[in-house]
Amino acid sequence: MKKPKKYNPLLVAFLALCVFGIQSAKAQPGSNTVVIQGKFTPTLDEAQKINNLPSIVDTVYPTPKFNYQIMEQKLNTPFSIVPLKPANLLGEPLDRLNAHYLVLAMGNYLSPFVEYSFNSTRDRNKRYGVRLMHHSAAGSITDYAFPAFSKNQVEVYGTKFLKKSSLSANVFYHRDVVHFYGFQPVDYPDSLLPADVDIVQRYNLVNASLHWNSLKSKKVNWNTSLNYYYWQDFYSKNENSIAAAATVDFPTDLIKSFGAQSIGFDISENFLNTSSNDSLSITQNLLSIRPFYKFNFGALDARIGFNTTVVTDSTSNLKFYPDIELQLNAIKDILRFTLSVKGYDQLNSMRQLTTENPFLGAVTPLEITSHKIVVDFGVLSSISKNFNLNIWANFSKMDQMPLYVTDTNSTYDNQFTIVYDEVEQIRFQVDMGYQMHQRLGVFLNSNYYIYTTTQQLYAWHLPTYDLNLGINYNIQNKIYFKLGLVNHGKMMVPTYVNGVMEPIEIKPWFDVNFGAEYRYGKHLGLFLNLNNIAAQRYYRYYNYPSFRFNFKAGLTYSF
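Note that the coordinates shown come from a computational prediction; the quantities given were computed from them, not determined experimentally.

What counts, and where the lines are drawn
For every chain, the first residue of the written sequence is number 1, and numbering continues from 1 along that sequence. Totals for whole chains, interfaces and linings use every residue, but because this is a predicted model, local features are given only for residues with pLDDT of at least 70 and side-chain atom pairs only at 80 or more, for both listing and counting. With hydrogens and water set aside, each side-chain value is computed from the structure's full complement of heavy atoms. Cavities and pockets were defined on a 1 Å grid built over protein atoms only: a cavity is a set of grid points that admits a 1.4 Å probe from which the probe cannot escape, a pocket is an open set flanked by protein on both sides within 12 Å along at least five of seven lines, and lining residues are those with an atom within 4 Å of any such point. Grid points are joined across faces, edges and corners, and a volume is the space filled by probe spheres set on the points. Numbering of helices and strands runs from the N terminus, with a helix taken as a DSSP run of H or I at least four residues long and a strand as a DSSP run of E at least two residues long. Residue classes follow a fixed rule: Ala, Val, Leu, Ile, Met, Phe, Trp, Tyr, Cys and Pro count as nonpolar, while Asp, Glu, Lys and Arg count as charged, and any other residue, Gly among them, counts as polar. Residue burial is assigned from relative accessible area. The probe radius is 1.4 Å, only protein chains are included, and a residue is buried under 20% of its type maximum, exposed over 50%, and partly exposed in between. Throughout this description, a polar contact denotes any pair of N or O atoms lying within 3.5 Å of each other; where both atoms belong to protein, one of them has to be capable of donating a hydrogen while the other can accept it, and for residues adjacent in sequence the pair is counted only when both atoms sit in side chains. Here a residue-residue contact requires only that any non-hydrogen atoms of the pair lie within 4.5 Å. Paired rings are identified among Phe, Tyr and Trp, the last through its six-membered ring, by centres lying within 6.5 Å, and are further divided according to the angle between planes into stacked (under 30 degrees), edge-to-face (over 60) and tilted (the rest). Put simply, a charge is over a ring when the Lys NZ or the Arg CZ is close to the ring centre, within 6 Å, and near the line of the ring normal, within 35 degrees. Strands are labelled as partners when DSSP assigns at least two bridges between them. Per residue, pLDDT captures the predictor's confidence, and it can take any value from 0 to 100.

### So, the layout of surface pockets
(1) Moving on: Within this model, the largest pocket holds a volume of roughly 1400 Å³.
(2) Moving on: Lining the largest pocket are 46 residues, with His135, Phe149, Lys151, Pro358 and Phe547 positioned closest to its centre.
(3) Moving on: Ranked by the residues each element gives to the lining of the largest pocket, the list is headed by strand E5 (residues 165-179), at 5 residues.
(4) Moving on: Per-class residue counts for the lining of the largest pocket are 23 nonpolar, 16 polar and 7 charged.

Okay, here's the thing in structure tokens:
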């Protein structure tokens, strides 16, 4: 067994102190505490500066160079043509059109209304139709004579579309009956009161017309018309009229700086003969030739011409009038200004005058009205796609203008005759329309008149203003409402007391109407119309009051 090695204790203690001293010399400042006892003089060892300077090593990469050549060679790309089948464009299906339309209605004052119409459906080559209508009333108006009336109409029409033109024909018959109810029976003894048949007036009218129009062409455009009518009243006064008209328009290029241009002329011939059973016959003839030149220059469209008129009745007269129309498109499709200066002659016929005033008497003088100058200025605007506003100002100077006055030769002062005068008219007109889709529509027409007469005190039976307002409302294409307002200004009329003329005023009046319709499916509809809701008694002519509140209820049926 080996004996363990023995060490000197003093040697071991000395070595331990040496190791401790070395470890103390390696201590780092701030992390160790050295306590020295005795005298100590701190000194710093000499530092040696590092002389190595920093340097930037710039690495440059060499650009490789390539040497190559492009070998041009055409490659064949074979292909085959495969025909494509034409596409089938399928539009929305067209709604079925109903050819027949029927209206049946009845109202107070024992007033039936019947209307039937037939129209051909879609056809590229022709269009034709028939219309029948009857409307009458047999009621009474307090304090006045029997006011019954009736209107009857029959009409047949058709159009044939040719290759380069269209040919249209129209024939209709009207039979209108009125009574001269414009007097109060209490003012006369029973022995002098007339029977209802003694105050009746009946108008018969047969009219036939023919129109032949060209389709729009680059060479020449034209349209022609021919019209004939026969008119007769209950007292055997009759009237024959023949009117022919034609327009020819040749496109041209007279001035290079202008746009579209054309030259042409309008020509019309009107023959009128009015006679009665007392052998009194009046024949009038009016020939008018109006050459014109139309052109476009930027935003300006113009028609420059004149009107040459030959008037023949008891004498013959040759007259010249201006015929000028200008239109400036200030803002395309939004704002336009129009100006026209014209003049023309007009035949006054019994048909026209009795349409305006059906209470004319047997003795009615007929003269030719000369519109010496007619100036129209208008501002036409489309403020939005839903709203339109048009404003017009008009000045007219007319010679032999017809005015309605009471015929003092009639037994009951219940008929009218005509006086003629030279009249100047200033008219301001406002037209407004608002349409919101197909739901709401508002339409307004209003006119304000200023008349200056020469011989007469006033422009008899002409209102100072008139206004027409219409509002339509549609609910889901099932329920329809309509509201109408008509307002007329005051009128002056002459009356005679002991042979002395005294003008009186017919007060302004208004008429409010309301209608509603319910559509049951696409064929049947039920409606109710309420007229003169305010029950106003107003006068369109002196001593001729209107019906007060009246209504009509009925149905419409299309098939």
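Resuming the write-up.
### Considering the side chain of asparagine 487
(1) Moving on: When you line up the elements, asparagine 487 lands in strand E19 (residues 479-488).
(2) Moving on: Take asparagine 487: its relative accessible area is 18%, and that puts it in the buried class.
(3) Moving on: Engagement of the side chain of asparagine 487 in a polar contact is seen with the backbone oxygen of tryptophan 509, the distance being 2.7 Å.
(4) Moving on: Ignoring sequence-local partners within four residues, the contact set of asparagine 487 consists of Tyr465, Asp466, Leu467, Trp509 and Phe510.

### Some remarks on the packing of aromatic side chains
(1) Moving on: One pass over the structure, following the stated rule, counts 23 aromatic pairs.
(2) Moving on: An angle of 20° between the planes, with centres 3.9 Å apart, marks the rings of phenylalanine 359 and tyrosine 544 as stacked. Linking phenylalanine 359 in the loop between helix H2 (350-356) and strand E14 (368-382) with tyrosine 544 in strand E25 (residues 544-545), this pair joins segments that are 185 residues apart in sequence.
(3) Moving on: What makes phenylalanine 359 buried here is its relative accessible area of 10%.
(4) Moving on: Following the ring pairs from residue to residue traces out a cluster consisting of Tyr181, Phe359, Tyr404, Phe416, Tyr541 and Tyr544.
(5) Moving on: The residue whose ring lies beneath arginine 303 is phenylalanine 292, and the NZ or CZ to ring-centre distance is 4.0 Å.
(6) Moving on: Positioned above the aromatic ring of tyrosine 229, the side-chain terminus of arginine 351 is 4.7 Å from the ring centre.

### A few points about the pairing of strand E13 (residues 335-347)
(1) Moving on: Sheet analysis places strand E12 (residues 316-331) next to E13, joined by 8 bridges and oriented antiparallel. Its bridge partner lying in E13, asparagine 329 is registered against arginine 336.
(2) Moving on: Where E12 folds back on E13, the antiparallel hairpin that results is connected by 3 residues, among which aspartate 333 adopts a positive phi of roughly 60°.
(3) Moving on: Across 12 bridges, E13 lies against E14 in antiparallel orientation. Looking at the pairing, valine 341 lines up with valine 375 of E14.

### Some points on the confidence of the model for the chain
(1) Moving on: Of all residues in the chain, 88% have pLDDT values of 70 or greater, and the mean over the chain is 89.
(2) Moving on: Segment residues 24-31: pLDDT under 50, and 1 contact once partners within four positions in sequence are set aside and those in other chains are kept.

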